[in-house]
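# Fold and geometry: a report
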Amino acid sequence: MAIIEVMESSGPRRRLRARSPVSLEPIGEFECATAEDVRLAVERARKAQSDWARLDFDARAEVLYRLLDQFVQRQDEVIDAVVQETGKARSDAIALEVYAPCDALAYYAKNAKRFLKPEKRRIHGLLGLAKKLRIVYEPLGVVGLITPWNGPVALSVVPLAQALMAGNAVVHKPSEVTPFSALTVKRFTEDAGFPPDLYQVVQGDGETGAALIEAGVDKISFTGSVATGRRVAEACGKRLIPHTLELGGKDAMIVCADADIDRAAEGAVLGSCMNTGHYCCGTERVYVVDAIYEPFLAKVIERTRQLRQSDQGESDVGAVFWDKQLDIIESHMEDARNKGAVVHVGGRRNPNLKGLYYEPTVVSEVNHDMALMTQETFGPIVSIMRVRDEEEAIRWANDSEFGLNGNVWTTDTERGFRLAERVESGGVCINDMAMTYGIHEAPFGGVKNSGLGVVNSEAGLRGYCHAKPISADRRGKGKIQGGYPYTVKSEAGMQKLIRFWWGGRLGRWFS
Ligand code: NAD
């Protein structure tokens, strides 16, 4: 039974119906915005943006703090909306969809002023004697935000906070799998007294997302799969729109011989199963050195067996959010089994629950001929591969088209840093996992096929701006240096200056 179904519609807008992955019952219908709806939304946003950009940082922060108040006071509304349409565990919803947005709103409201204040920069060398330089950070205009279903609130509000503090308006196309979480955020912004049209939501699927790129936006902030990311990049390329792409991952975990086995086993299970494994920085491959392989595997099996999966009350591992993802998980597991993988725990749909539940799974004897170790599985599966030593672990970790994050487990932190530097990924955690997205001081972005550009941190915030250099003469009077008329004498003088300035140590030292 499809979670998202196309319904009959009499008007120009396609109509979709969403089902709960927990009960499989319908939870609501929504209309997809047409290309014209999206174009009009961008037009309205542009008007709202010109007033918003005139506000100073404190005034913008005030508005964000009011949204933060909504999140703090109405946590259950967010949790209920997200759990209803995704089936994720309540604790996952609190950590990802309430804590993370609150932290981002507070961080950028407080720090944007510091990160984006006009900067004086010293000019090097000869030009510095004559000129001064100032950089101002101007908003880009209207940002098109396109988001996935695995973190429907966090992955919307974190970039929203940055785009707004930088002085932009935002038109947001959420995933068709999670339309109601987006409406909750929209309702909060209205109740927080956001200026009209500063943040708008256009519902729909890929067609609406494609229309947003064509609708005259000034930047696209995209989070989603590699395949869609490529299409988004092509469309942005045609229109020369700046874009960031936060794409899929296949994070590797490296467990060294000196790792704290208890902590590492706990990290493997949590890293692989949190958010039902639907986490871009989720642990998808575990490489364990031979010396501790057996006790590590035994601990992971023991801990995974303790996980509770339920559609009522307390539960550790929630439902798979979308039937299409369940198909991928099942096909990867079938492929792995056919190629000799050994399933220790789980490895099947939960027969006791009606909804889309896949049992927390531990699988070993895996290798890189299996989709489970090379493609993004996005399910609650701990896939463990035995390696000879850390060198071999690094080789396999880097044998991937993805490079989002990764983690290294060792009791020698300095050694951890050295190994982390050799992992080809956008970021690495030592003795923890999936933390980098939540640390706002850290620029977040993938390498290889995992993305383009960075979000979060000072660098991510500045990505929502045009950094405009403004230069001026120090004195601002008299003749322009190097101006007309060009003469033999002035040319000879210029060449002499070049020889003097860069031909010897003194000039090079000054430059
Ligand atoms: P997806 O690529 O299918 O969809 C993402 C969004 O793009 C949705 O809103 C979708 O409607 C829209 N879309 C689809 N076709 C489009 C088109 N042609 N033009 C414009 N928009 C279009 O991804 P998904 O299945 O929703 O999300 C899961 C993926 O997201 C996973 O690969 C996961 O790793 C990745 N992800 C990455 C990060 C990160 O920060 N790197 C974070 C979360 C999720």
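Residues numbered from 1 in each chain as written. Predicted model: local features only at pLDDT ≥ 70, side-chain atom pairs only at ≥ 80, totals over all residues. Heavy atoms only, no water.

## A short note on unusual backbone geometry
Most peptide bonds take the trans form, and the phi angle of most residues other than glycine is negative. That bond from Tyr484 to Pro485 is cis: its omega, 0 degrees, falls within 30 degrees of zero. With respect to the helices, strands and loops of the structure, Pro485 is situated in the loop between β19 (465–473) and α17 (488–502). The phi torsion at Lys448 lies on the positive side, around 50 degrees, for a residue other than glycine. For Lys448, the position within the fold is in the loop between β17 (429–430) and β18 (451–452). Of note in the backbone geometry, Asn456 takes a positive phi value of approximately 65 degrees without being a glycine. By the element assignment, Asn456 lies in the loop between β18 and α16 (457–462). Judged by relative accessible area, Asn456 falls into the buried class, the value being 1%. (Helix = DSSP H or I, 4+ residues; strand = E, 2+ residues; numbered from the N terminus. Buried < 20%, exposed > 50% of the residue type's maximum accessible area, 1.4 Å probe, protein only.)

## Here we look at the side chain of Lys186
Tracing the chain through its elements places Lys186 in helix α7 (residues 179–191). Here Lys186 falls in the buried class, since its relative accessible area comes to 19%. Among all residues touching Lys186, those that are not within four sequence positions of it are Tyr199, Gln200 and Val201. (Contact = heavy atoms within 4.5 Å.)

## Some remarks on the site of the ligand
As a matter of local geometry, the ligand sits amid 30 residues, with Lys173, Glu176, Ser225, Thr228 and Glu376 nearest to it. Contact distances for the ligand include 2.6 Å between an oxygen atom and a side-chain N or O atom of Ser225. Expressed as a share of its isolated accessible area of 860 Å², the protein-covered part of the ligand is 91%. According to the grid-proximity analysis, the pocket containing the ligand is the largest pocket. Mapped onto the shell around the ligand, the elements with two or more residues apiece are α8 (206–214), β9 (219–223) and α9 (226–239). (Near = heavy atom within 4 Å. Polar contact = N/O pair within 3.5 Å; in protein donor to acceptor, adjacent residues only side chain to side chain. Areas by Shrake-Rupley, 256 points an atom, 1.4 Å probe, with all protein chains shown as cover. 1 Å grid on protein atoms, 1.4 Å probe; cavity = no way out; pocket = protein on both sides within 12 Å on 5 of 7 lines; lining within 4 Å. Sits in = over half its atoms within 2 Å of the grid points.)

## Examining a nonpolar patch on the surface
There is a patch of nonpolar side chains on the surface, built from Met494, Leu497, Ile498 and Trp502 and spanning about 400 Å² of accessible area. Here Leu497 is to be found in helix α17. When its relative accessible area of 37% is taken as the criterion, Leu497 is described as partly exposed. (Patch = residues over 30% accessible without salt bridge, like charges linked within 9 Å, V, L, I, M, F, W, Y side chains within 5 Å. Salt bridge = Lys/Arg side-chain N within 4 Å of Asp/Glu carboxyl O.)

## Details of the domain arrangement of the protein chain
Parsing the protein chain into structural domains produces domain 1 (35–247 + 457–466), domain 2 (251–439) and domain 3 (479–510). Using C-alpha coordinates to define each centre, domain 1 is positioned 48 Å away from domain 3. (Domains from an automatic or database assignment.)

## Description of the pairing of strand β6 (residues 142–146)
Looking along a regular strand, one sees the side chains alternate between the two faces of the sheet. Most of β6 sits inside the fold, with 5 of its 5 residues counted as buried. As paired strands, β6 and strand β7 (residues 169–173) are joined by 5 bridges and run parallel to one another. When the sheet's bridge partners are listed, Ile146 is paired in β7 with Lys173. With helix α6 (residues 154–165) bridging β6 and the parallel β7, this β-α-β connection has right-handed handedness. Pairing of β6 with β9, which is carried by 4 bridges, proceeds in the parallel orientation. Across the sheet, Val143 pairs through a bridge with Lys219, a residue of β9. (Pairing = 2+ DSSP bridges. Right-handed = clockwise from strand over helix to strand, strands pointing away.)

## Brief notes about the layout of surface pockets
Roughly 1,200 Å³ of volume is contained in the largest pocket. As for the largest pocket, its lining consists of 46 residues, of which Trp149, Gly224, Ser225, Thr228 and Trp322 are closest to the centre. Sorting the residues of the lining of the largest pocket by element identifies α8, β9, α9 and α12 (323–338) as the ones contributing at least two each. With 6 residues, α9 is the largest single contributor of residues to the lining of the largest pocket. (Points joined across faces, edges and corners; volume = space filled by probe spheres on them.)

## Regarding the pattern of salt bridges
In the structure shown here, the tally under the stated rule is 42 salt bridges. For Arg415, the salt bridge identified is with Asp258, shortest N-O distance 3.1 Å. Here the residue Arg415 occupies a position in helix α15 (residues 413–422), and Asp258 occupies one in the loop between β11 (251–255) and α10 (261–273), the gap between them amounting to 157 residues. Overall, the relative accessible area of 26% leaves Asp258 in the partly exposed class. Salt bridges sharing common partners tie together Arg74, Glu77, Arg187 and Asp191.

## With respect to the environment of Arg19
With respect to the helices and strands, the residue Arg19 is situated in strand β2 (residues 15–19). Taking the relative accessible area as the measure of exposure, Arg19 reaches 11% and is therefore buried. For the pair Arg19 and Gln84, spaced 65 residues apart in sequence, the C-alpha separation works out to 9.0 Å. Not counting residues up to four positions away in its chain, the partners in contact with Arg19 are Met1, Ala2, Ile3, Glu5, Leu24, Glu25, Pro26 and Ile27. A distance of 3.1 Å separates the side chain of Arg19 from the side chain of Glu5, its partner in a polar contact.

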